[in-house]
Amino acid sequence: KFVGVEKLPLERRIDVSDIRDCRVRSFVEFAQRFAFNLDELEPNQIYTSNDREYYIKLFPTIVNQQGQELNTPARISKRTGVIQVSKKAFMEMTIPMRIAILMHEFSHFYLNEQMDNEIEADLNGLLVYLGLGYPRIEAYQACLETFKGVPSQQNKERYDVINKFINDFESMNMVIQ
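Given the structure is predicted, the values throughout are model-derived calculations rather than measurements.

Enquirer: Looking at this structure, I do not really get the side chain of Arg98. What am I missing?
Expert: For Arg98, the position within the fold is in helix H3 (residues 95-110). Contacts of Arg98, omitting those with residues within four sequence positions, involve Ala35, Leu38, Asp39, Phe90, Met91 and Met93.

Enquirer: Explanation requested: the packing of helix H4 (residues 118-131) against helix H6 (residues 153-169) in the structure shown.
Expert: The geometry of H4 relative to H6 is characterised by a closest axis approach of 10 Å and an angle of 30° between their N-to-C directions. On the basis of their axis angle, the class for H4 and H6 is roughly parallel. Considering the relative orientation of H4 and H6, their crossing is right-handed. When H4 is examined against H6, the residues Glu118, Ile119, Asp122, Leu123, Leu126, Leu127, Leu130 and Gly131 are found in contact with a partner set consisting of Gln154, Arg158, Val161, Ile162, Phe165, Ile166 and Phe169. Residue classes in the contact of H4 with H6 are distributed as 10 nonpolar, 2 polar and 3 charged.

Enquirer: Hey, could you run me through unusual backbone geometry in this one?
Expert: Note: most peptide bonds trans; most residues except glycine with negative phi. Positive phi is not limited to glycine here, since Asn44 has a value of about 65°. The residue Asn44 is located in the loop between helix H1 (22-37) and strand E1 (45-48) in this model. Phi is positive for Arg52, close to 60°, though the residue is something other than glycine. Among the secondary structure elements, Arg52 is positioned in the loop between E1 and strand E2 (55-59).

Enquirer: Would you take a moment to explain the pairing of strand E4 (residues 83-86) for this structure?
Expert: Look at any regular strand and the pattern is simple: side chains alternate between the two faces of the sheet. Of the two faces of E4, both are covered, the one formed by Ile83 and Val85 as well as the one formed by Gln84 and Ser86. As judged from the 4 bridges shared by E2 and E4, these two strands associate in the parallel manner. By the bridge assignment, Lys57 is partnered in E4 with Gln84. Note: strand E3 (residues 74-76) against E4, 3 bridges, orientation antiparallel. Within the sheet, the bridge partner assigned to Arg75 lies in E4 and is Gln84. Count of turn residues in the E3/E4 antiparallel hairpin: 6 residues, of which Gly81 carries a positive phi of about 80°.

Enquirer: Would you explain the pairing of E1 in this entry?
Expert: With 4 bridges joining them, E1 and E2 adopt antiparallel strand pairing. Bridge pairing in E2 links Thr48 to Tyr55. If you look at the hairpin formed by E1 and E2, you'll find 6 residues sitting between the two strands, and Arg52 has a positive phi there, around 60°.

Enquirer: It is not clear to me how the nonpolar core should be interpreted in this structure. Could you clarify?
Expert: Membership of the largest hydrophobic core comes to 42 residues, with the highest contact counts inside it found for Phe27, Phe34, Val85, Phe90, Leu102, Leu126 and Tyr129. Elements with a contribution of two residues or more to this core: H1, E2, E3, E4, H3, H4, helix H5 (136-147) and H6. For this core, the element with the highest residue contribution is H3, accounting for 8 residues. Beyond its immediate sequence surroundings of up to four residues, Leu102 is in contact with Phe27, Ala31, Phe34, Ile56, Ile83, Val85 and Phe90.

Conventions we followed
Residues numbered from 1 in each chain as written. Predicted model: local features only at pLDDT ≥ 70, side-chain atom pairs only at ≥ 80, totals over all residues. Heavy atoms only, no water. Helix = DSSP H or I, 4+ residues; strand = E, 2+ residues; numbered from the N terminus. Contact = heavy atoms within 4.5 Å. Axes fitted to C-alpha atoms, helices over the stretch in contact; angles between N-to-C directions. Parallel < 35°, antiparallel > 145°, perpendicular 65-115°, else oblique. Left-handed = near helix turned anticlockwise from the far one by under 90°. Nonpolar A, V, L, I, M, F, W, Y, C, P; charged D, E, K, R; others polar. Buried < 20%, exposed > 50% of the residue type's maximum accessible area, 1.4 Å probe, protein only. Pairing = 2+ DSSP bridges. Core = buried A, V, L, I, M, F, W, Y, C linked by side-chain atoms within 4.5 Å.

This is the structure in structure tokens:
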């Protein structure tokens with residue numbers, strides 16, 4: 001039996017304005033605006049953060065050099081830090097899932113010590129995502145959507161690390177700067 005719906009605020013450890021690292025704060029504001037307004041955004045355009053530091057290229061889908069559609073919802077240039085997003089893939093996701101993916105991609109270029117390290121990007125992105133109070137279940141769902149159709153030992157290991165991090169997050173009493 002359906003009883004009702006109640007709107008509750010996110011339980012945050014931090015607010016965007018509390019993030020000391022101005023790069024992270026700027027990107028979070030940009031990513032939230034992009035994820036929220038995606039329905040209205042046109043593919044084959046470049047979207048820019050207010051401080052003109054971060055760029056997202058929105059494509060209908062992400063393709064490889066041979067023109068074949070890739071499974072990934074987003075990726076980041078190792079050379080420029082520009083994030084490419086598949087509108088098709090993102091439209092099938094919730095706003096929190098989009099934020100989780102964008103934080104992961106941002107982390108590769110701007111937060112990771114080892115740019116190519118997927119697990120490091122997972123954890124750096126999740127730290128900000130969960131700190132902002134986004135739902136854990138949506139982080140899991142973003143992970144599962146990304147890994148869908150690409151079963152591998154690496155993805156299983158990533159999922160195990162992500163699962164442990166999310167489960168431990170509430171008891172860690174972290175301070176995010």
